[in-house]
Each structure stands twice: as C-alpha cells, then as structure tokens.
Amino acid sequence: ENNQPMEQKLPSEGTTCLENGSYLMNYVGCIECKTRDFVMIVNKATEEQDGEEIITYDHVCKNCHHVIARHEYTFGVVDDYQEYTMLCMLCGRAEDSISVLPDDPYLMTSLF
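Quick look at the structure, then. Here the structure is a predicted model, which is why all the values come from computation and not from measurement.

A look at a negative patch on the surface
Together, E47, D50, E52 and E72 give the surface a local cluster of negative charge. In this fold, E72 is placed in strand β3 (residues 67–78). A relative accessible area of 36% places E72 in the partly exposed class.

Things to note about the pairing of strand β1 (residues 39–49)
Relative to strand β2 (residues 52–61), β1 runs antiparallel, the two sharing nine bridges. Across the sheet, the residue bridging to V42 is D58, located in β2. Counting the residues between successive antiparallel strands, the hairpin from β1 to β2 contains two residues, one of them, D50, with a positive phi of roughly 55°.

A short note on the environment of D96
With respect to the secondary-structure elements, D96 resides in strand β5 (residues 92–99). The exposure class of D96 is partly exposed, given its relative accessible area of 22%.

Thoughts on the sheet that holds strand β4 (residues 81–88)
Spatial ordering of the open sheet is given by β1-β2-β3-β4-β5, a layout of five strands whose pairing is antiparallel. For this open sheet the edge positions go to β1 and β5, each flanked by a neighbour on one side alone. Averaged over all neighbouring strand pairs, the angle between strand axes comes to 10°, with direction disregarded. With eight bridges connecting them, β3 and β4 associate as antiparallel partners. Bridging from a neighbouring strand, V78 pairs with Y81 of β4.

Some remarks on the packing of aromatic side chains
Under the definition given, this model contains two aromatic pairs. Judged by centre distance (6.3 Å) and plane angle (45°), the ring pair of Y73 and Y84 falls under tilted. Placement of the pair is Y73 in strand β3 and Y84 in strand β4, with a sequence separation of 11 residues. Residue class for Y73 comes out buried when judged on its relative accessible area of 5%. Accessibility expressed as a relative area gives 17% for Y84, which makes it buried.

Reading the values: rules and limits
Residues numbered from 1 in each chain as written. Predicted model: local features only at pLDDT ≥ 70, side-chain atom pairs only at ≥ 80, totals over all residues. Heavy atoms only, no water. Patch = residues over 30% accessible without salt bridge, like charges linked within 9 Å, V, L, I, M, F, W, Y side chains within 5 Å. Areas by Shrake-Rupley, 256 points an atom, 1.4 Å probe, with all protein chains shown as cover. Salt bridge = Lys/Arg side-chain N within 4 Å of Asp/Glu carboxyl O. Lys, Arg positive; Asp, Glu negative; His and termini not counted. Charge placed at Lys NZ, Arg CZ, Asp CG, Glu CD. Helix = DSSP H or I, 4+ residues; strand = E, 2+ residues; numbered from the N terminus. Buried < 20%, exposed > 50% of the residue type's maximum accessible area, 1.4 Å probe, protein only. Pairing = 2+ DSSP bridges. Axes fitted to C-alpha atoms, helices over the stretch in contact; angles between N-to-C directions. Phe/Tyr/Trp six-rings, centres within 6.5 Å; stacked < 30°, edge-to-face > 60°.

None of the figures reported here should be taken as evidence of function without further support.
Below, the structure is given as structure tokens:
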C-alpha cells in the first residue's frame with residue numbers, strides 16, 4: 001500500500017507570473033455553488049522577507065464567497081537577476097528570471 005501523500009499537479013504557466021489578477025483559463029467553476037461567476041481577490045497582503053517581496057491573496061467565488069485558491073507571488077533580486085515566482089492552485093506555477101544588466105549574460109553565451 002502506498003502511504004505517500006498525493007502530489008497535487010499544478011498547471012505550468014512557464015514564465016507568466018501574475019502579481020495581481022486571476023488566470024481564468026484553468027477555472028471551470030466553484031466547487032461549492034457549481035457556478036462559473038467572477039473570481040474576486042480578497043485578503044491581499046504584501047510582506048518583505050529576506051529582501052524578497054511576497055504578495056499573497058485569496059481567489060474567492062463572487063457568488064458564494066468560497067475560497068477557490070490561495071495565490072502567492074514572490075519577487076526578489078539574486079545577483080544580477082530579478083527573480084519572479086507564482087504558486088497557486090488556480091493560476092498554476094511559474095517562474096521567471098530577468099537580467100538587470102543591459103545585456104543578459106545568459107543570452108549572450110547562447111549566441112556563440
């Protein structure tokens with residue numbers, strides 16, 4: 001018998017990290033009231049932790065106020081790169097890294 005916890009598969013959104021809003025391509029409808037109404041954003045909070053900005057909020061059904069998912073977006077600077085991540089049961093998971101330098105060293109090495 002397998003006693004391992006079930007691994008929840010989140011849709012991969014590549015480099016699309018939402019700081020605000022909802023990725024509704026994945027939204028079929030509210031599991032509580034069975035309607036596909038607007039998704040509200042509530043309980044939005046921003047905090048700093050170890051030089052990283054963390055934005056969290058809840059996606060909530062406009063119709064019955066059921067919490068659909070908890071959204072987490074992070075932003076920080078590591079070396080010469082801006083690092084972004086998103087983790088959310090509704091919007092999926094994504095990460096992106098953008099150079100703060102005029103010429104991205106990673107892109108320059110791939111050209112040669």
